[in-house]
Amino acid sequence: MTGFLSIVTIAISVSALFYMRATDAKRRRVFGLKPRPRRFPLLVHGALWLPAIVLIALGNVAALLIWMGAVTVAGWGIAAMTPGMVDAASEATVAYRAALRAKTEHLGTLARQAFASGKWRLGVLLSSERPGRPDDRVAALEGRIAELEAELARRDEDAPRPGMLEAQGTTKTNFVIAGSRS
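Residues numbered from 1 in each chain as written. Predicted model: local features only at pLDDT ≥ 70, side-chain atom pairs only at ≥ 80, totals over all residues. Heavy atoms only, no water.

1. Digging into the side chain of Ser-13
One can find Ser-13 in helix α1 (residues 2–23). Look past the residues within four positions of Ser-13 in its chain and what remains in contact with it is Ala-47, Leu-48, Pro-51, Trp-67 and Val-71. (Helix = DSSP H or I, 4+ residues; strand = E, 2+ residues; numbered from the N terminus. Contact = heavy atoms within 4.5 Å.)

2. Overview of the packing of α1 against helix α3 (residues 41–58)
Contact geometry for α1 and α3: axes closest at 7 Å, N-to-C directions at 160°. Classified by the angle their axes make, α1 and α3 are roughly antiparallel. Two packed elements cross with a definite hand, and for α1 against α3 that hand is left-handed. For the pair α1 and α3, the contacting residues are Leu-5, Thr-9, Ile-12, Ser-13, Ala-16, Leu-17, Tyr-19 and Met-20 in the first and Val-44, His-45, Ala-47, Leu-48, Pro-51, Leu-55 and Leu-58 in the second. Counted by class, the contact of α1 with α3 contains 12 nonpolar, 3 polar and no charged residues. (Axes fitted to C-alpha atoms, helices over the stretch in contact; angles between N-to-C directions. Parallel < 35°, antiparallel > 145°, perpendicular 65-115°, else oblique. Left-handed = near helix turned anticlockwise from the far one by under 90°. Nonpolar A, V, L, I, M, F, W, Y, C, P; charged D, E, K, R; others polar.)

3. A word on the environment of Val-61
Structurally, Val-61 is set in helix α4 (residues 61–80). Exposure remark for Val-61: the relative accessible area of 53% places this residue in the exposed category. A sequence separation of 59 residues divides Val-61 from Thr-2, and the C-alpha atoms of the two residues are 9.2 Å apart. (Buried < 20%, exposed > 50% of the residue type's maximum accessible area, 1.4 Å probe, protein only.)

4. Observations regarding α1
The end-to-end C-alpha distance of α1, which contains 22 residues, comes to 32 Å, matching closely the 32 Å that a straight helix rising 1.5 Å per residue would cover. For α1, every residue scored as buried is listed here: Leu-5, Ser-6, Thr-9, Ile-10, Ser-13, Val-14, Ala-16, Leu-17, Met-20, Arg-21, Ala-22 and Thr-23. (Expected span 1.5 Å × (residues − 1).)

5. Looking at the side chain of Asn-60
Note on placement: Asn-60 falls in the loop between α3 and α4. Those residues within four positions of Asn-60 in sequence are excluded, and the remaining contacts are Thr-2, Leu-5 and Leu-55.

Printed below as a string of structure tokens:
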């Protein structure tokens, strides 16, 4: 009973998390997506937290702890997904389902094509060569940082050193220190 109850409550809460991710205005703006109105926000928050309240009311502490851990991990995973990853995962899932359907219907040729397509889609999902990946942005920022550090190094070479002033004939008496001459 605990396992079944945990799975049902986790599924309800995770579906609410996916809905929240899809309708979050700040997230959509960051990824350049069109705004999407948030409908039924109380219902969504209820779907997120009601399973915990039910588990507490039932006194099922084991299921509550399982739910807490699973929703926490799922929330971090859902938040880390970019729209490109979601699209690639959706395509891979569709291709995989088509392969399974073809296999169960014993359509050998169709199954091989769909399965090959599914492997390609999953390869796209897992490849590191997708445009717009955070790694690409980090690499671009690191390159810019290297350029700025090189520019600072060039400026430091051109700046006069403390010993250079004395070598040019000036003395310490020419400097004003704290409002008085020394």
